[in-house]
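Structural characterization, general
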Amino acid sequence: MGHRHGGISFPLAGTYSQTYPQGFSPPGNGRFSLLKTLRVALDVPLEENFDFLALEGVETPPGSLVVVPFGRSRKVGVVVLEGTGSTIALARLRAIEARVEDVPPLGAADLGLFEFCAAYYQRPLGEVIAACLPPRLRQPSRRRIPAPEPARAPTPHGFSSAHELTAPQREAIEAVRAGAGGFHPVLLHGVTGSGKTEVYLRLIADTLDRGRQALFLLPEIGLTPQFEAQVRKRFPGASVYAAHSHLNEGDRARAWLAAQSGAAQVVLGTRLAVLMPFRDLGLAIVDEEHDGSYKQQEGLRYSARDVAVRRAQKLGIPVVLGSATPSLESIANVRDGRYALARLPQRASAGSAMPAIRTVDTRADRPHDGLTFALVDAIRKRLARQEQSLIFLNRRGFSPVLFCRACSWHSTCTRCSANLVMHRRDGELRCHHCGRRSRIPAACPTCHAADLAPVGHGTQRLEDALREALPGARIARVDRDTTARKGELKRVFDAVRAGTIDVLIGTQMLAKGHDYPRLTLVGVVDCDSALFSADFRAAEKLFAQLVQVSGRAGRADRAGEVIIQTDFPTHPLYAAVASHDFDRFASDALAERRVAGFPPYSFLALLRAESKKAGEPTTFLRDAARVARGLRAAVEVFDPVPATLERKAGFERAQLLVRASSRAALQPFLRRWRSALLERGERRVRWSLDVDPQEV
Ligand code: ADP
Ligand code: ZN
Ligand code: ZN
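**Comments concerning the overall build of the protein**
- In terms of helices and strands, the protein carries 16 helices and 28 strands.
- Expected size for 696 residues packed as a compact globule is a radius of gyration near 26 Å; at 28 Å, the protein falls within 12% of this value.
- Across the 696 residues in the protein, those meeting the buried criterion constitute 54%.
- For the protein, the share of sequence-separated contacts (at least 6 apart) that also reach a separation of at least 24 residues comes to 74%.
- Here the protein carries 96 positive and 73 negative side-chain charges, and the mean point of each set is 3 Å from the other.

**Observations regarding the side chain of R608**
- With respect to the helices and strands, the residue R608 is situated in strand β24 (residues 603-611).
- Of the polar contacts made by the side chain of R608, one reaches the side chain of D690; its length is 2.9 Å.
- Those residues in contact with R608 that lie beyond four places of it in its chain are R301, A654, Q655, R686, W687, S688, D690 and E695.

**A short note on the site of ligand 1**
- Around ligand 1 sit 15 residues in total, of which H163, E164, Q169, G193 and T197 are the nearest.
- In this structure, K196 approaches ligand 1 through a side-chain N or O atom, which is 3.0 Å from an oxygen atom.
- Within the complex, the protein chains bury 74% of what would otherwise be the 560 Å² of accessible surface of ligand 1.
- In terms of residue class, the shell around ligand 1 is made up of three nonpolar, nine polar and three charged.

**A word on the pattern of salt bridges**
- As enumerated under the stated definition, the model contains 48 salt bridges in all.
- A salt bridge links R305 to E289, with the nearest nitrogen and oxygen atoms 3.0 Å apart. Here E289 lies in the loop between β10 (281-287) and α7 (304-315) and R305 lies in helix α7, a separation of 16 residues in the sequence. There is no split in this pair, since R305 and E289 are both buried.
- Salt bridges sharing partners connect three or more residues here, namely R358, R382, R385, E387 and E561.

**Quick look at the packing of aromatic side chains**
- The tally for this structure, following the rule as stated, stands at twelve aromatic pairs.
- Put simply, the rings of F116, Y120 and Y121 pair up and form one aromatic cluster.
- Over the ring of F651 we find R686; its NZ or CZ atom is 4.4 Å from the centre of that ring.

**Some remarks on the coordination of the zinc ion (ligand 2)**
- Summarising the metal site, the zinc ion (ligand 2) is bound by the protein donors C404 (SG), C407 (SG), C444 (SG) and C447 (SG), whose distances to it range over 2.3 to 2.4 Å.
- Of note is the zinc ion (ligand 2), whose four donor atoms meet at the metal with angles of 106 to 112 degrees in an arrangement that counts as tetrahedral.
- For the zinc ion (ligand 2), all donor residues lie on one chain, and their spacing in sequence is C-x2-C-x36-C-x2-C. Here the residue C407 occupies a position in the loop between β15 (401-404) and β16 (421-423), and C444 occupies one in the loop between β18 (437-439) and β19 (452-455), the gap between them amounting to 37 residues.

**Describing helix α3 (residues 167-177)**
- Taken together, the buried positions of α3 are occupied by Q169, A172, I173 and V176. Each buried residue of α3 sits inside an arc of 95 degrees when the element is viewed along its axis, so together they form one side.
- On its buried face, α3 sits against β6 (184-190), α4 (196-209), β11 (318-323) and β12 (340-344).

**Considerations on the packing of α3 against α4**
- In contact at an axis separation of 10 Å, α3 and α4 are set at 40 degrees when each is read in the N-to-C sense. Every pair of crossing elements has a handedness; the one defined by α3 and α4 is right-handed. Residues Q169, A172, I173, V176 and R177 of α3 pack against E198, V199, R202, L203 and D206 of α4.

**What about α4?**
- Relative to the 20 Å expected for 14 residues at 1.5 Å per residue, α4 spans 20 Å between its end C-alpha atoms, a close match to the ideal helical length.
- Along α4, the residues that are buried comprise K196, E198, V199, Y200, L201, R202, L203, I204, A205, D206, T207 and L208.
- Of the residues one or two after α4, G211 is the one with positive phi, at around 75 degrees.

**Some words on the pairing of strand β23 (residues 561-566)**
- In terms of burial, β23 is a largely internal element, six of the six residues being buried.
- The alternating pattern of β23 places E561, I563 and Q565 on one face and V562, I564 and T566 on the opposite face, and all of these are buried.
- Bridge analysis of strand β13 (residues 356-361) against β23 gives six bridges, and the strand direction is parallel. Bridge assignment links T359 to a residue of β23, and that residue is I564.
- For strand β22 (residues 519-525) and β23, the ladder comprises four bridges, and the chain directions are parallel.

**A short note on the sheet that holds β13**
- The strand order across the open sheet formed by six strands is β13-β23-β22-β14-β21-β20, and the pairing between neighbours is parallel. In this open sheet, the two edge strands, each paired with only one partner strand, are β13 and β20 (475-478). In this sheet, adjacent strand axes meet at a mean angle of 20 degrees when their direction is disregarded.
- As paired elements, β20 and strand β21 (residues 503-506) share four bridges and run parallel to each other.

Cut-off values and rules
Residues numbered from 1 in each chain as written. Chains lettered and ligands numbered in written order. Predicted model: local features only at pLDDT ≥ 70, side-chain atom pairs only at ≥ 80, totals over all residues. Heavy atoms only, no water. Helix = DSSP H or I, 4+ residues; strand = E, 2+ residues; numbered from the N terminus. Rg over C-alpha atoms; globule rule 2.2 N^0.38 Å. Buried < 20%, exposed > 50% of the residue type's maximum accessible area, 1.4 Å probe, protein only. Contact = heavy atoms within 4.5 Å. Lys, Arg positive; Asp, Glu negative; His and termini not counted. Charge placed at Lys NZ, Arg CZ, Asp CG, Glu CD. Polar contact = N/O pair within 3.5 Å; in protein donor to acceptor, adjacent residues only side chain to side chain. Near = heavy atom within 4 Å. Areas by Shrake-Rupley, 256 points an atom, 1.4 Å probe, with all protein chains shown as cover. Nonpolar A, V, L, I, M, F, W, Y, C, P; charged D, E, K, R; others polar. Salt bridge = Lys/Arg side-chain N within 4 Å of Asp/Glu carboxyl O. Phe/Tyr/Trp six-rings, centres within 6.5 Å; stacked < 30°, edge-to-face > 60°. Lys NZ or Arg CZ within 6 Å of the ring centre and 35° of its normal. Donors = N, O, S within 2.8 Å, 3.2 Å for Na, K, Ca; no water. Tetrahedral: all angles 85-135°; square planar, octahedral: opposite > 155°, others 65-115°. Arc of directions from axis to C-beta. Axes fitted to C-alpha atoms, helices over the stretch in contact; angles between N-to-C directions. Left-handed = near helix turned anticlockwise from the far one by under 90°. Expected span 1.5 Å × (residues − 1). Pairing = 2+ DSSP bridges.

Written as structure tokens, this is what we have:
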């Protein structure tokens, strides 16, 4: 493979006779240059970049996409350096095959961003670039993609907005404008319904006015159509592109090229949009900045929020992080004076109050099939008033586990250390981690008793219980199982809006962003486990989720009510949620983090390892820990532990945590540790580093 392997002897000059697909330049005069070498980043699981000879008469400055021979195949790579020599013997160097004509070279700022991501997240540059290039543009043979149309005439401004800004909205906008000339991170902390969207739209208008591009990030694909519609309505003349993984390859490539050429004025999308190239980015906005889905959980494990801030810093532009429940990292940044703070403390529309939140003590009011008397009663009142209720539960399936009362057997996945979830409608047990499915057994596989019963409350089981308790009510369930069919989610949301659904049951898919004027009750079921989770962020996530789902209750003229069923009604977290006191929660949580030495008061990285062979990951990690300690850096090295999900799809997984008091201490250590590990050439165990992990 490649020029580094195989010892292919290469002529010192040559002529190409191959025909090239549309979209690629013929190789100049057909001769390669012996004077110019190119270092090319390729998407291969190897650390180094590769050297090739340039083609005579074909300009391939850094950032250029080129097609190169690789083993017996061809690959698209990105030139990172032009030079006049290589550590590889000249005779063994191969020439690039062609320059990719229909993709302009990446700009220095974009290339710099990718280099930063590679260094910070400890991944090969080629892999980072591959993650940043849409799949279509990585194909060595494909049809030519037409150049994006240049942006249309500037948007007619003086656009109409339905609202007079509230005073806090005005102040928030001013707070961003105040630093518009340079890097200016602003945390926009606004309660649900406080009108953050209006603030975003006005800031985007400012940016378009200056002829620059705006990037808007959302945590979930499901939220993009709604925001896209708002942006298009507000800026009818502007060219707006969505960017997310559900686009087909052609659209994704077109959005990417439009962002790169400057034809796209507004790009809105999920985390991957932060890695798009921009010709002249003038503003970045990260909505729901606290959301864990901004962190990619495999491959290049980047945080789109953090990359957005970094990018804004490099470009010297404002970046706005918006949330009703900001991350503790961002709160700490405000406290330390690194971020400016703008607050929207009240709901924007006149007369719209925050919902009344209360707990129901499930030790006194014992739930029947997951439902307390108080909650059923509250739903009945809504039905009588023709209002809607939302029952929120953070788990899908009928029930987490099938359980044998006789011998305590329960349904577990043979490939993962996880319970199989019972999906009664389909008569199946399913593993939510590896996808394994099996029929629901009629009797216990261990003791053959027929006394099998589900434990816990999945969405299906709640649905059945509600149908029984509320005959005649129109009930719909939304979770990943019911919405696997395309368009189903939208159908349910439309029905809620049209008023043809009385009770909506669902998981976190329902927590965000959807506005229903007739929805006045939110019931929260089964969320206590997060209070006692091993995940140090569990409480923060629970708080955010409760605030978000509470935000669905009541708008404008109708007051909302939220009922949280819990065994721990006096827990301080619920008290803070009930009194809408985020600051209190954040102060307490930050104090705990400080004592425990967790982020934002420390910086973490996880070395993850997995292998099909039991014991190997731990052996590898023990060795890795020894290597780490040997580096004598100002870094704490813990002991290997099993991953939260110890077996997944037949792999045993373990992890090793390291902690430092600053990024400045952690980063050089990680670089040295990683090269030391690479040098050992581990083959039995797959390993990777996770910098700033979400869960440890
Ligand atoms: P958030 O994103 O902060 O949860 P939204 O942006 O969805 O809040 O706004 C909530 C509601 O308030 C929307 O219906 C919006 O139209 C309305 N709204 C926003 N700004 C104003 C304003 N200045 N005056 C009146 N209503 C407003
Ligand atoms: Zn049994
Ligand atoms: Zn499994």
